[in-house]
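Coordinate analysis (summary)
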Amino acid sequence: MATPINNNMAAIKRYVVVGGGIAGVSCAEQLSQMDPTAHITLVSASKLIKSVTNFQKVTRTLELFDVEETDVSHLTRSCSNVTVINSHMTSVNPDQHIIHLHNSQALSYHKLCLCLGARPKLITRDHPNDVIGIRDTESVGTLQHKLSSARRVVIVGNGGIATELVYELSGCTVLWVVKDSSISSTFFDEGAASFFLPSLRTQGEASGTGGSGAAPDETVKTKPLKRMRYLLDPVDQSASGEGKDDTSGTAMGSALGPDWSSGIKMIGNNKEKGRNVHVEYNCEVERLLDSQEMKSLSLTETLLSGTENESIDSDKTSWPFYVKLTNGKVYGADFIVSATGVIPNTDRLLDTIDISKDDLGLVVDEEMRTSAVDVYAAGDVCTTSWPSVPNTWFQMRLWSQARQMGAYAAKCMLAHSGGESITLDFCFELFAHVTTFFGYKVVLLGCYNAQGLGKDYELLLRITNGVEYVKVILQHGRMVGAILIGDTDLEETFENLILNRMDLTRYGENLLDPSIDIEDYFD
Ligand SMILES: Cc1cc2nc3c(=O)[nH]c(=O)nc-3n(C[C@H](O)[C@H](O)[C@H](O)COP(=O)(O)OP(=O)(O)OC[C@H]3O[C@@H](n4cnc5c(N)ncnc54)[C@H](O)[C@@H]3O)c2cc1C
Ligand SMILES: NC(=O)C1=CN([C@@H]2O[C@H](COP(=O)(O)OP(=O)(O)OC[C@H]3O[C@@H](n4cnc5c(N)ncnc54)[C@H](OP(=O)(O)O)[C@@H]3O)[C@@H](O)[C@H]2O)C=CC1
């Protein structure tokens, strides 16, 4: 029998936040800060919760911070009106305004914010020992353990985690399976991907087949209109972007924080071996096979070219399993990291509550409300539904957005409690992300890959191989997006230009002329 823990529920307006990740903790902190008299309860399935430290605003919309995993006393010390319950929420009853917890408690709420996060979307759940996902500290531990005896690891996926892992892993061969024709396609077009390829090769030549990143002269299919470009180092023509199709361009513990991989040893069984990455482009994993199946199907393992072949006698090497790719090749491997995106943690919850969802994400309106009355959602678990005008913000499951959404949901909950509505927070006007890939600072602003623009845009490019890659997307003479790789120092100016929607037609090619101090231009 469930026990209500807040008996005086009619009198107390209790804000309940579920989830101890960045979104949930930011929501609880913001509620506490804005209303120190409010009763706030944070329910977290994980014992440790996330807290944002060293927060700094880089520009109006870009923010940098560290994420620490702390015990709950860290939060309750700084927010004395927050109590934390370490349990799993099993169901929600919006009619009665009650949630049920795994420990048999029932908890009533005035407003509820669900910050349940997401978990890895694996290519298959049929091989839990061979196919792993990375999300929290525990899963990184599993990765390290498996790596220590691994000779060859297959990484599937072409987004954030895969891009970080291929750069960090050493001591084994990495077979990177991407379904696109260039690497890191969630974040970069083919030009930027080419800029990064030398970094992949630094510790041993990366080989690859069929992709533009590795095959600079790849034929172009469609060409957007381009006005000009700066190519400071003419060696790598592929990186100029000219003639490229630019339309290509998004219960565990809480997700890891920035720099999760630094300081963590990710070394395979051969400590002497550096980075050794082989990329298979334009394909996916078709199936996994054990050695019996390999024999019965008379399949032959594909040999890896380059350094690996010198050290592996392929006839004698046996592998725990084999992957058959959709391009027909078969590779032996020790294990697979499926870095193939995330699934919001709502599936069980959805059995208990009538609530709108989109691809398992809880649909929220511009005041972070779900379709269930007094139930809000923030972070990876939600799917935003508001139209972005101008069209320069979109959702991506990132910690900056988790933090912003958590804090904004708190503001909405308090405003609605007072019978007020609230206008969409400024941070949702412009997509802004700062991160590090392949050792380079990366800033993404607005429609950085011309998302949603069709072919109605122009590009400006400035590239210095090994130093910087600057791409600007213009529509009708106005800047709508930018990719800044390296220490370009352009983020603030470009952010202003995108937000101001200034007509830049008259500046023409001077906009990216490296000999002009662009900041002075617009002061
Ligand atoms: C390896 C990795 C690297 C990343 N790198 C970056 C990066 O460089 N930059 C970036 O911006 N983003 C990055 N991200 C994404 C970022 O970490 C997430 O977008 C963000 O942390 C999501 O926060 P959240 O609070 O929404 O969800 P989570 O951190 O997943 O937290 C959800 C919380 O809810 C709890 N929970 C779930 N269900 C229940 C329940 N029923 N009852 C109670 N509690 C429950 C979970 O235990 C967890 O504490 C990375 C993610 C990963 C996995
Ligand atoms: N520095 C950063 O900003 C980082 C951010 N993150 C975030 O963490 C979360 C998890 O990262 P990650 O798992 O890399 O997710 P991402 O969404 O970044 O990337 C997933 C990738 O896997 C591809 N994919 C999906 N299904 C398959 C499949 N069956 N076979 C092959 N490829 C497939 C996707 O292609 P398609 O898009 O075509 O479906 C996409 O390229 C994301 O929200 C990500 O944004 C993670 C690490 C670093």
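Keep in mind that what you see is a predicted model, and the values were worked out from it rather than measured.

This part covers the overall build of the protein chain. Scanning the protein chain for helices and strands turns up eleven helices and 31 strands. Taking all 523 residues of the protein chain together, 56% fall into the buried category. With an accessible surface of roughly 22,300 Å², the protein chain has 47% of that area assigned to carbon and sulfur atoms.

With five of its five residues buried, strand β14 (residues 173-177) lies for the most part within the structure. Here β14 shows no split at all, with Thr-173, Leu-175 and Val-177 on one side and Val-174 and Trp-176 on the other all buried. Sheet topology places strand β13 (residues 152-156) next to β14; five bridges connect them, and they run parallel. The residue of β14 that forms the bridge with Arg-152 is Thr-173. Since β13 and β14 lie parallel, the crossover through helix α4 (residues 160-168) that links them has a hand, and here it is right-handed. The pairing of β14 with strand β17 (residues 277-280) spans four bridges and is classified as parallel. Bridging across to β17, Val-177 finds its partner in Glu-280.

Taken together, 34 residues lie near ligand 1, and Arg-135, Ser-254, Ala-255, Asp-380 and Trp-399 sit nearest. In the environment of ligand 1, an oxygen atom lies 3.3 Å from a nitrogen or oxygen atom belonging to the backbone of Gly-20. Protein contacts shield 94% of the accessible area of ligand 1, which totals 1,000 Å² for the unbound molecule. For the shell around ligand 1, a count of residues per class yields 17 nonpolar, 13 polar and four charged.

Let us now look at the site of ligand 2. Neighbouring ligand 2 are 23 residues, the closest being Ile-161, Gly-341, Arg-397, His-433 and Thr-435. Between ligand 2 and Glu-164, the relevant distance is 3.4 Å, taken from a nitrogen atom to a side-chain nitrogen or oxygen of the residue. If ligand 2 stood free it would expose 910 Å²; the protein chains cover 81% of that surface. Along the lines of polarity and charge, the residues of the shell around ligand 2 split into eight nonpolar, ten polar and five charged.

With that settled, the discussion passes to helix α9 (residues 399-417). A rise of 1.5 Å per residue sets the reference length of α9, with its 19 residues, at 27 Å; its end C-alpha atoms lie 27 Å apart and thus fit the reference within 8%. The buried fraction of α9 is high, at 16 of 19 residues. One or two positions beyond α9, positive phi appears at Gly-419, with a value near 75 degrees.

To continue, consider the UniProt feature "domain: FAD/NAD(P)-binding" (unreviewed entry) in the protein chain. Here the UniProt-annotated "domain: FAD/NAD(P)-binding" (unreviewed entry) positions come out as residues 14-197 and 306-406. The distance separating the terminal C-alpha atoms of residues 14-197 is 52 Å; by composition the span is 26% helix and 35% strand.

Let us look at the packing of helix α1 (residues 22-34) against α9. The interhelical angle for the contact between α1 and α9, taken along N-to-C directions, is 35 degrees, at an axis separation of 7 Å. In this structure, α1 crosses over α9, and the sense of that crossing is right-handed. Between α1 and α9, the contacting residues are Ile-22, Ala-23, Ser-26, Cys-27, Gln-30, Leu-31 and Met-34 on the first element and Trp-399, Ala-402, Arg-403, Gly-406, Ala-407, Ala-410, Lys-411, Met-413 and Leu-414 on the second. Tallied by class, the residues present in the contact of α1 with α9 amount to eleven nonpolar, three polar and two charged.

Looking now at a negative patch on the surface. Taken together, the side chains of Asp-487, Asp-489, Glu-492, Asp-517, Glu-519 and Asp-520 make up a negatively charged region of the molecular surface. Looking at the element boundaries, Glu-519 is found in helix α11 (residues 518-522).

Let us now look at the confidence of the model for the protein chain. Overall, the prediction assigns the protein chain a mean pLDDT of 84, with 84% of residues at 70 or greater. Low pLDDT (under 50) marks residues 212-250, which in the prediction has 101 contacts with non-local residues, meaning those over four places away or in another chain. Here residues 307-313 is modelled with pLDDT under 50, and outside its nearest four sequence neighbours on either side it reaches ten contacts, counting other chains as well. Here the complex is predicted with pTM 0.89, and the ipTM for its interfaces comes to 0.98.

Turning to the side chain of Arg-14, a few remarks are in order. Within the secondary structure layout, Arg-14 lies in strand β2 (residues 14-18). Buried and unpaired, Arg-14 has no salt bridge, with Asp-35 as the nearest side chain of opposite charge at 13 Å. Polar contacts involving the side chain of Arg-14 include one to the side chain of Thr-41, which spans 3.0 Å.

Okay, the sheet that holds strand β19 (residues 321-325) next. Taking strand neighbours across the sheet as the criterion, the three strands line up as β18-β19-β20 in an open arrangement whose pairing is antiparallel. In this open sheet, the two strands that pair with only one neighbour each are β18 (285-289) and β20 (330-333). For this sheet, the mean inter-axis angle between neighbouring strands, taken without regard to orientation, is 25 degrees.

If you trace the backbone, Leu-116 turns up in the loop between β10 (111-114) and β11 (118-120). Distance from Leu-116 to Lys-47, taken between C-alpha atoms, is 14 Å for residues 69 residues apart in sequence.

Residue placement: Trp-260 occurs in the loop between β16 (226-231) and β17. For the pair Trp-260 and Ser-356, spaced 96 residues apart in the sequence, the C-alpha separation amounts to 33 Å. When neighbours within four sequence positions are excluded, Trp-260 is seen to be in contact with Ile-134, Val-140, Glu-164, Leu-165 and Met-266.

If you look at the biggest cluster of nonpolar residues, it comprises 105 residues, and the most contacted ones within it are Ile-99 and Met-368. When residues of this core are assigned to their parent elements, the largest contribution, eight residues, is made by α9. Contact partners of Met-368, with chain neighbours within four places excluded, come to Val-375, Tyr-376, Ala-377, Ala-378, Cys-382, Trp-386, Met-405, Tyr-408, Ala-409 and Cys-412. By size, the runner-up hydrophobic cluster in this structure holds 23 residues, among which are Val-472, Leu-484, Leu-511 and Leu-512.

Rules used in this analysis
Residues numbered from 1 in each chain as written. Chains lettered and ligands numbered in written order. Predicted model: local features only at pLDDT ≥ 70, side-chain atom pairs only at ≥ 80, totals over all residues. Heavy atoms only, no water. Helix = DSSP H or I, 4+ residues; strand = E, 2+ residues; numbered from the N terminus. Buried < 20%, exposed > 50% of the residue type's maximum accessible area, 1.4 Å probe, protein only. Areas by Shrake-Rupley, 256 points an atom, 1.4 Å probe, with all protein chains shown as cover. Pairing = 2+ DSSP bridges. Right-handed = clockwise from strand over helix to strand, strands pointing away. Near = heavy atom within 4 Å. Polar contact = N/O pair within 3.5 Å; in protein donor to acceptor, adjacent residues only side chain to side chain. Nonpolar A, V, L, I, M, F, W, Y, C, P; charged D, E, K, R; others polar. Expected span 1.5 Å × (residues − 1). UniProt positions renumbered as here; feature names shortened; annotations may be inferred. Axes fitted to C-alpha atoms, helices over the stretch in contact; angles between N-to-C directions. Left-handed = near helix turned anticlockwise from the far one by under 90°. Contact = heavy atoms within 4.5 Å. Patch = residues over 30% accessible without salt bridge, like charges linked within 9 Å, V, L, I, M, F, W, Y side chains within 5 Å. Salt bridge = Lys/Arg side-chain N within 4 Å of Asp/Glu carboxyl O. Lys, Arg positive; Asp, Glu negative; His and termini not counted. Charge placed at Lys NZ, Arg CZ, Asp CG, Glu CD. pLDDT = per-residue confidence, 0-100. Core = buried A, V, L, I, M, F, W, Y, C linked by side-chain atoms within 4.5 Å.

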